[in-house]
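# Descriptive analysis of the structure
Each chain is listed here by its residues.
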Amino acid sequence: MSGGKDDTRLDGWVPGRVHVEERALRVDWCHLGAQRFTDPFFDQTLERRLRHPFALLFRHQTSMEELVARNAARPGLPVRGLVFHMSRCGSTLAAQLLAALPRHVVLSEPGPVDTVLRSHLRLPGVTEAQRVEWLRAVVGALGQRRHPEEEAVFLKLDAWHVLELPLLQRAFPDVPWLFLYRDPVEVMASHQNHRGAHMVPGMLEPALLGLERGALEGMPLEEYGARVLARICEAGLHGYRERQGPARLLDYRRLQPDGLALLTDLFGLELTPEDAERLREAAERDAKNPVVPFADDTEDKARRVSGLSREMAERWVRPVHEALEAERLRG
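Residues numbered from 1 in each chain as written. Predicted model: local features only at pLDDT ≥ 70, side-chain atom pairs only at ≥ 80, totals over all residues. Heavy atoms only, no water.

### Comments concerning the packing of aromatic side chains
- The final tally for this structure, using the stated rule, is 4 aromatic pairs.
- Here F37 and F42 contribute two aromatic rings whose centre-to-centre distance is 5.4 Å and whose plane-to-plane angle is 20°, an arrangement assigned as stacked. Like F42, F37 is buried.
- Ring centres 5.8 Å apart and planes at 85° place the aromatic pair F84 and W177 in the edge-to-face group. On the criterion of sequence distance, the pair formed by F84 in strand β4 (residues 79-85) and W177 in strand β7 (residues 177-181) is long-range, its members being 93 residues apart. Residues F84 and W177 agree in their burial class; the two are buried.
- Seen from the ring of W316, R227 lies directly overhead, with NZ or CZ sitting 4.6 Å from the centre.
- Just above the ring of Y240 sits the side chain of R243; from NZ or CZ to the centre is 3.9 Å. (Phe/Tyr/Trp six-rings, centres within 6.5 Å; stacked < 30°, edge-to-face > 60°. Buried < 20%, exposed > 50% of the residue type's maximum accessible area, 1.4 Å probe, protein only. Helix = DSSP H or I, 4+ residues; strand = E, 2+ residues; numbered from the N terminus. Lys NZ or Arg CZ within 6 Å of the ring centre and 35° of its normal.)

Here it is in structure tokens:
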């Protein structure tokens, strides 16, 4: 189908999935209607929407080129903030705080963004300029205004996306960004029983992580995970040290006392009394399961972590974690 500037057939639709087909990127669209991105994760919003018969039965598919053309004619709301993180360190709470304000469109780890960022590893010859153009087009389509009060987009990325920080800054220049991190032993404990995709060998391209494919053979899961976390934290640290515009570091243990003030300052949020109440309520809920109250699990994680996970965290991740803390305290 056409994605031209006079085409209105995709109004109310968003890119739900981007995939490789016949050596090109194709875009599968999902009818979102007026539904907001308020779930902890992008995929949860799409899954909930796909329970609706219309969204399930009617689909659109376009080329990436058609999406780019549509974005040129109908750019989305401006991107006002990027949230990077180490994983399992409070980034979902940061996203939920931003999403608590109806004027924000918060995209929390959207799969289409991940596909575009990794497209050069799957399609030979893809340039950085193409990825920038595709990234802007995908975020622009996801960040269309669907409610009158909406005015800005915030993008919370997957943990490994900080490795693409320079490209994301090129796509969204001068946009403030945040990098969240946590004590590595606690992060390793969180991944111990339910590993994130980036903590499982083979789920991400070794080249993305700076590892040789042969180096993975026989490597314990705990060592692999710790080395991945160290690589992510090193990228966040390097990006912060080389920053050109507004950027902040935030440790998990400072999230509850300092997080709201930091987000307000970094992203220039002007809060009404109603906004402040919405944020207070969001901060008191569990970010990944908002029906239950927040509970600090720091001590529980410290008790449950295996000896090998603790050893690998201390060996590979602790030095860069300490460097991040030193940078944060220097301000």
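### Some words on the pattern of salt bridges
- Under the definition given, this model contains 30 salt bridges.
- Notably, a salt bridge pairs R118 with D114, separated by 2.8 Å at the nearest N-O pair. Judged on exposure class, the residue R118 and its partner D114 are both buried.
- Between R315 and E311 there is a salt bridge; the shortest N-O distance is 2.9 Å. (Salt bridge = Lys/Arg side-chain N within 4 Å of Asp/Glu carboxyl O.)

### With respect to unusual backbone geometry
- Positive phi, normally seen in glycine, also occurs at R88, with a value near 55°.
- Here R88 shows up in the loop between β4 and α4 (91-99).
- On the accessibility criterion, R88 (18% relative accessible area) is buried.
- In this model, D174 sits at a positive phi of 65°, which is unusual for a non-glycine residue.
- With respect to the helices and strands, D174 occurs in the loop between α7 (165-171) and β7.

### A closer look at the side chain of S309
- Take S309: it is sitting in helix α13 (residues 307-330).
- Taking relative accessible area as the criterion, S309 reaches 2% and is therefore assigned buried.
- Once residues lying within four places of it in the same chain are set aside, the contact partners of S309 are M188, Q192 and E222. (Contact = heavy atoms within 4.5 Å.)

### Let's talk about the pairing of strand β8 (residues 247-251)
- Of all 5 residues in β8, 4 are buried; the element is thus mostly enclosed.
- Bridge count between β7 and β8: 5 bridges; the pairing is parallel. Bridging from a neighbouring strand, L180 pairs with L250 of β8. (Pairing = 2+ DSSP bridges.)

### A closer look at the state of the cysteines
- Enumeration according to the criterion identifies 0 disulfides in this entry.
- Summary of cysteine pairing: C89 is not part of a disulfide, and the nearest cysteine sulfur, belonging to C233, is at 8.1 Å.
- Given a relative accessible area of 0%, C89 falls into the buried group. (Disulfide = S-S within 2.5 Å.)

### Section: the confidence of the model for the protein
- Considering every residue of the protein, the mean pLDDT works out to 92; 96% of them sit at 70 or more.
- Scored below 50 in pLDDT, residues 1-6 shows 16 contacts in the model against residues more than four places distant or in partner chains. (pLDDT = per-residue confidence, 0-100.)

### Brief notes about α13
- Look at α13: 33 Å from first C-alpha to last across 24 residues, which is about the 34 Å you get at 1.5 Å a residue.
- Maximal helix bending in α13 amounts to about 55°, located at V317; proline P319 follows within four positions.
- Among the residues making up α13, those that are buried are S309, M312, A313, V317, R318, V320, H321, A323, L324, E325 and E327.
- Along its buried surface, α13 packs onto β7, α8 (184-193), α9 (221-241) and β8.
- In the stretch just after α13, G331 is the one whose phi turns positive, near 75°. (Expected span 1.5 Å × (residues − 1). Bend = angle between axes of the 7 residues up to and from the residue.)

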